[in-house]
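Each chain is listed here by its residues.
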Amino acid sequence: MAQVTPPPIRLFNTMTMQKELLEPAVPGCVGVYVCGPTVYSYIHIGNARTFTSFDVVVRYLRYRGLKVRYVRNFTDVDDKIIKAAHETGEAPVALASRFVDIFREDAKALHMQEPDVAPKVSDHLPEIIAIIQKLVDKGFAYASHGDVYFSVSADKDYAKLSKRHLDELCVGERVQPGDLKREPLDFALWKAAKPGEPAWESPWGPGRPGWHIECSAMSAKYLGETFDIHGGALDLIFPHHENEIAQSESANGQEFAKYWMHCGFLDLEGAKMSKSLGNVVRLRDALEKVDAEALRFFFISTHYRHPLSFSDKALADAEARMEYFYETLRKVDERIAGKDFGTGALHGEPHRFLAEFESSMDDDFNSAGGMSALSGLFNLMNELTDKPPVKDKPMVGRTLQALREDVRKVSGVLGLFEDDPSAWLLRRRERAVRERGIDVAEVERLLGERTAARAAKDFAAADRVRATLKEKGVEIMDTVGGTSWKVAAAQG
RNA sequence: GGCGCCAUAGCCAAGUGGUAAGGCAAAGGUCUGCAAAACCUUCAUUCCCCGGUUCGAAUCCGGGUGGCGCCUCCA
């Protein structure tokens, strides 16, 4: 077996601010670490966008034949968790554990694949304490009244990821009164326990890890001291990722991650989503109103590094597009199901669309560019189904089969079209029926009346029924197989 | 103040040196009893503005203007 040529995937590296060819440390194998959620609440649609983006990255790397180890952690020890637990009266560990389960449900609902490893901070105290000890031993960290701090001045290339100047950073840094730190920029690796807080024993007394050290410890455990891709959203560049680099490279004396990928922000029609404004949209609330794949499609339609604006209109557009895709697939499946069209030539080079899709995705996971190829693919499916340009029916059938097969491949990468088309369409109609308060029995009765009128060639009566239904938001379609109906697009 | 990002048709959105993908909307057409869906056609001599580099720039450089993010927890 010949050596497989590595796929020419290029990705934008925040460290160098350039697109680079992906060259894994171990050829053919890619280690990916994505900073996962702090489990103190429900995730919002911004979090969902980030995790969906990396879900697609990992799916694509695998599609391209790379062996991926995908690690996404749970931060289950944290100030915010302690605070939230205080409010609900739960034990912090219990609250965190509850939201880990909730996160898993949400991720599944959005068709995200499980990471290979989903480590929790609370399960990795020995590893965390070990790396802190290593930093203390090497002189990069110091203990202070039960806390341990990383000494930023000991790290000569601190801030290389965010490209900041230390003297400038000091200006904005708040220095707490009675601070235990030597320098304002130093950050906590270990925090001494306060009464009532979860605490673990350590060489510095009871306490808990600081925010950043967990990722250094857990990534090293599961991916090694140097690994390939480290991801997260833009806001993690500073200080979180910067501090991870400082810790890991100081402790291990080698490069931490080769490629840094950062996902752009999602806003609400230009407004920042924030708790103080009270406009945080939870993923699960969004999924009450919009189909999961439509939401994924909405995310995927814009490049992962670009800002994305969430709105009802954008969602409605995405859902309408998904309906087009699924209607097409339903027709195609009906046409080719269980049929054998033999072997032979295909019409119109159907595989060119998949090739186009791949070349877009190879270029920094440009899923938005890939949509163009997808449109071409579906367009050809419709053309072949409804108005075949060639008479050779077996050839048309074979071509449709080939196209359907390519849709399945794209589906595996994007996490779209994973449903049975008819089931998806019916589910969407049922949701619309509920939302619009449509009386299905009445619709069926009116349709019966209309069918009778049409049979009697009383088209005026038939058109009156059509108009009546239209007022109720129901659109009807006459086909060879009879009349079907759907809920018209919402007018607002 | 520092470090960055963004600005492409009515809207969404690719394209980062070689002469503007795709989608939605709109208009016309095919099909239809009429529709819907689908398909076909049309729809940016031009990419926020002003300079510069180049045979050639939406793409590179300089300067503006307008949005935004991070610098404190944040996906």
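Residues numbered from 1 in each chain as written. Chains lettered and ligands numbered in written order. Predicted model: local features only at pLDDT ≥ 70, side-chain atom pairs only at ≥ 80, totals over all residues. Heavy atoms only, no water.

**Student:** Tell me about the overall build of chain A, and please be specific about residues and values.
**Tutor:** Per the secondary structure count, chain A includes 16 helices and 14 strands. Expressed along its principal axes, the backbone C-alpha trace of chain A runs to roughly 90 × 60 × 35 Å. Within chain A, the fraction of its 492 residues that count as buried is 51%. Sequence-distant contacts, at least 24 apart, represent 77% of the contacts inside chain A between residues at least 6 apart. (Helix = DSSP H or I, 4+ residues; strand = E, 2+ residues; numbered from the N terminus. Buried < 20%, exposed > 50% of the residue type's maximum accessible area, 1.4 Å probe, protein only. Contact = heavy atoms within 4.5 Å.)

**Student:** Break down the nonpolar core for me, citing the residues and quoting the values.
**Tutor:** Counting 89 residues, the largest nonpolar core has Leu 61, Leu 295, Phe 298 and Phe 417 as the members making the most contacts within it. Two domains each donate at least three residues to this core, and these are domain 1 (10-143 + 209-284) and domain 2 (313-422). Aside from chain neighbours lying at most four places away, what touches Phe 417 is Glu 293, Met 322, Phe 325, Tyr 326, Leu 329, Leu 374, Phe 378, Val 407 and Ser 411. By size, the runner-up hydrophobic cluster in this structure holds 40 residues, among which are Leu 125, Val 148, Met 218 and Phe 227. (Core = buried A, V, L, I, M, F, W, Y, C linked by side-chain atoms within 4.5 Å. Domains from an automatic or database assignment.)

**Student:** Mind laying out unusual backbone geometry, listing which residues take part and the relevant values?
**Tutor:** Of note, the bond from Phe 238 into Pro 239 is cis; its omega dihedral lies within 30 degrees of zero at 0 degrees. Relative to the assigned elements, Pro 239 resides in helix H7 (residues 237-252). Here the phi dihedral of Phe 365 falls at roughly 55 degrees; this positive angle occurs in a residue that is not glycine. Mapped onto the fold, Phe 365 is located in the loop between helix H11 (352-362) and helix H12 (367-386). A relative accessible area of 3% places Phe 365 in the buried class. You will see that Lys 457, though not glycine, has its phi angle at about 60 degrees, which is positive. Relative to the helices and strands, Lys 457 resides in the loop between helix H15 (440-455) and helix H16 (459-471). For Lys 457, a relative accessible area of 63% gives the class exposed.

**Student:** So what about the pairing of strand S14 (residues 482-487)? Which residues, and what values?
**Tutor:** As judged from the six bridges shared by strand S13 (residues 474-479) and S14, these two strands associate in the antiparallel manner. Its bridge partner being in S14, Asp 478 is matched across the sheet by Thr 483. The hairpin turn running from S13 into S14, its antiparallel successor, is two residues long. (Pairing = 2+ DSSP bridges.)

**Student:** Go over the environment of Ala 432, please, and point to the residues and values.
**Tutor:** With respect to the helices, strands and loops of the structure, Ala 432 is situated in helix H14 (residues 421-436). Note: C-alpha distance between Ala 432 and Lys 67 (365 residues apart in sequence) is 41 Å.

**Student:** Describe the environment of Trp 190, naming the residues involved and giving the relevant values.
**Tutor:** Counting through the fold element by element, Trp 190 comes out in strand S7 (residues 187-192). For the pair Trp 190 and Ile 132, spaced 58 residues apart in sequence, the C-alpha separation works out to 7.9 Å. Looking at Trp 190, its side chain comes within polar contact range of the side chain of Ser 202, at 3.3 Å. (Polar contact = N/O pair within 3.5 Å; in protein donor to acceptor, adjacent residues only side chain to side chain.)

**Student:** Summarise the domain arrangement of chain A; cite the residues concerned and give the values.
**Tutor:** Looking at the assigned domains, one finds that chain A contains domain 1 (10-143 + 209-284), domain 2 (313-422) and domain 3 (438-487). The centre of domain 1, based on its C-alpha atoms, is set 53 Å off from the matching centre of domain 3.

**Student:** Please set out the environment of Ala 452 residue by residue, giving values where relevant.
**Tutor:** Note on placement: Ala 452 falls in helix H15. For the pair formed by Ala 452 and Leu 61, sequence separation is 391 residues and the distance between their alpha carbons is 56 Å.

**Student:** Run through the sheet that holds strand S5 (residues 141-144), naming residues and quoting values.
**Tutor:** If you trace the four strands from one edge of the open sheet to the other, you get S5-S6-S7-S8, paired in antiparallel fashion. Bordering the open sheet on either side are S5 and strand S8 (207-209), each of which pairs with just one other strand. Averaged over neighbouring strand pairs, the angle between their axes works out to 20 degrees when direction is ignored. (Axes fitted to C-alpha atoms, helices over the stretch in contact; angles between N-to-C directions.)

**Student:** I'd like a rundown of the sheet that holds strand S3 (residues 29-34), residues and numbers included.
**Tutor:** Pairing is parallel in the open sheet, where four strands are placed in the order S4-S3-S9-S10. Both outer strands of the open sheet, strand S4 (67-72) and strand S10 (257-263), are each paired with one neighbouring strand and no more. With direction set aside, neighbouring strand axes in the sheet form an average angle of 20 degrees. As paired strands, S3 and S4 are joined by six bridges and run parallel to one another. Residue pairing across strands places Cys 29 opposite Lys 67, the latter belonging to S4.

**Student:** Please provide a residue-by-residue account of the layout of surface pockets, values included.
**Tutor:** Looking at the second largest pocket, its volume works out to about 1500 Å³. Residue lining of the second largest pocket: 44 residues in total, with Glu 319, Glu 323, Arg 428, Ala 432 and Val 487 positioned closest to the centre. Every element with two or more residues in the lining of the second largest pocket is listed here: helix H8 (283-289), helix H10 (312-336), H12, H14, S13 and S14. The leading source of residues in the lining of the second largest pocket is H10, at twelve residues. Of the residues in the lining of the second largest pocket, the class split is 18 nonpolar, six polar and 20 charged. (1 Å grid on protein atoms, 1.4 Å probe; cavity = no way out; pocket = protein on both sides within 12 Å on 5 of 7 lines; lining within 4 Å. Points joined across faces, edges and corners; volume = space filled by probe spheres on them. Nonpolar A, V, L, I, M, F, W, Y, C, P; charged D, E, K, R; others polar.)

**Student:** Pulling in residues and values, what's your account of empty space enclosed by the protein?
**Tutor:** Summed over the entire model, instances satisfying the criterion amount to two cavities of 30 Å³ or more. Of all the secondary-structure elements, those providing two or more residues to the lining of the largest cavity are helix H1 (45-63) and helix H9 (292-300). With five residues, H1 is the largest single contributor of residues to the lining of the largest cavity. The class makeup of the residues in the lining of the largest cavity is six nonpolar, five polar and one charged.

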